[in-house]
Amino acid sequence: ESLESSEVDFSLGLVTYKDNVSTYFGGTLTENVDEFQEEVAGLSATGGGSGPENGLGALQVGLSSISFRPGSQKVFVLITDATSHTPPPPYADSP
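Residues numbered from 1 in each chain as written. Predicted model: local features only at pLDDT ≥ 70, side-chain atom pairs only at ≥ 80, totals over all residues. Heavy atoms only, no water.

Caption draft 1: Quick look at the layout of surface pockets. Roughly 1500 Å³ of internal volume is contained in the largest pocket. Forming the boundary of the largest pocket are 45 residues, of which Gly13, Leu14, Val15, Val77 and Ile79 lie nearest the centre. Of all the elements in the fold, those that place two or more residues in the lining of the largest pocket are strand S1 (15-17), helix H2 (33-41) and helix H3 (55-65). Residue contributions to the lining of the largest pocket peak at 4 residues, all from H2. (1 Å grid on protein atoms, 1.4 Å probe; cavity = no way out; pocket = protein on both sides within 12 Å on 5 of 7 lines; lining within 4 Å. Points joined across faces, edges and corners; volume = space filled by probe spheres on them. Helix = DSSP H or I, 4+ residues; strand = E, 2+ residues; numbered from the N terminus.)

Caption draft 2: Structural detail: a negative patch on the surface. Residues Glu4, Asp34, Glu35, Glu38 and Glu39 make up a contiguous surface patch of negative charge. Among the elements that make up the negative patch, the one with the highest residue count is H2 (4 residues). Positionally, Glu39 belongs in helix H2. (Patch = residues over 30% accessible without salt bridge, like charges linked within 9 Å, V, L, I, M, F, W, Y side chains within 5 Å. Areas by Shrake-Rupley, 256 points an atom, 1.4 Å probe, with all protein chains shown as cover. Salt bridge = Lys/Arg side-chain N within 4 Å of Asp/Glu carboxyl O. Lys, Arg positive; Asp, Glu negative; His and termini not counted. Charge placed at Lys NZ, Arg CZ, Asp CG, Glu CD.)

Caption draft 3: Quick peek at the packing of aromatic side chains. On inspection of all chains with the given rule, the structure shows 2 aromatic pairs. Seen from their ring centres, Phe68 and Phe76 are 6.2 Å apart, and the 70° between their planes marks the pair as edge-to-face. Residue Phe76 is classed as partly exposed on the basis of its relative accessible area of 37%. (Phe/Tyr/Trp six-rings, centres within 6.5 Å; stacked < 30°, edge-to-face > 60°. Buried < 20%, exposed > 50% of the residue type's maximum accessible area, 1.4 Å probe, protein only.)

Caption draft 4: Spatial organisation of the pattern of salt bridges. Per the stated rule, a full pass over the model turns up 1 salt bridge. Close ionic contact of Asp9 with Arg69 constitutes a salt bridge, the shortest N to O distance being 3.0 Å. Of the two residues, Asp9 is situated in the loop between helix H1 (2-5) and S1 and Arg69 in the segment after H3; the sequence distance between them amounts to 60 residues. Judged by relative accessible area, Asp9 falls into the exposed class, the value being 60%.

Caption draft 5: Up close: a nonpolar patch on the surface. A cluster of nonpolar residues, Val75, Val77 and Ile79, forms a patch on the protein surface that exposes about 370 Å² of accessible area. As for its placement among the helices and strands, Ile79 is situated in the segment after H3. Residue class for Ile79 comes out exposed when judged on its relative accessible area of 70%.

Caption draft 6: Inspection of the confidence of the model for the protein chain at higher detail. Put simply, the protein chain has an average pLDDT of 82, and 86% of its residues get 70 or more. When mean pLDDT is compared element by element in the protein chain, H2 scores highest at 92, while H1 scores lowest at 80. (pLDDT = per-residue confidence, 0-100.)

Caption draft 7: Highlighting H3. The set of residues buried in H3 consists of Gly55, Gly57, Ala58, Val61 and Gly62. Down the axis of H3, the sector holding all buried residues measures 160°, keeping them to one side. Relative to its buried face, H3 has exposed residues pointing more than 90 degrees away, namely Leu63 and Ser64. Tucked inside the fold, the buried residues of H3 contact S1 and strand S2 (21-23). (Arc of directions from axis to C-beta. Contact = heavy atoms within 4.5 Å.)

Next comes the structure, spelled out in structure tokens:
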């Protein structure tokens, strides 16, 4: 909400992972904060328990599969409760 009221020109993207990586918004970015919050609110840390997950693959998908505006500042937030394994290609499976 405070992001919307700021004068910052922003776009949001979401990449999630367990053993596989998933992108949201068709692998693009969105300016719709409500839509982004809705997607994040629907996430939960379930399953797992099988050891390392694909956090590095999620970062790779964010860096290589999402189109950013030229000159934009990119900020990634990685939230995890597991170590990461080396991702085998392909890196993403769309939901």
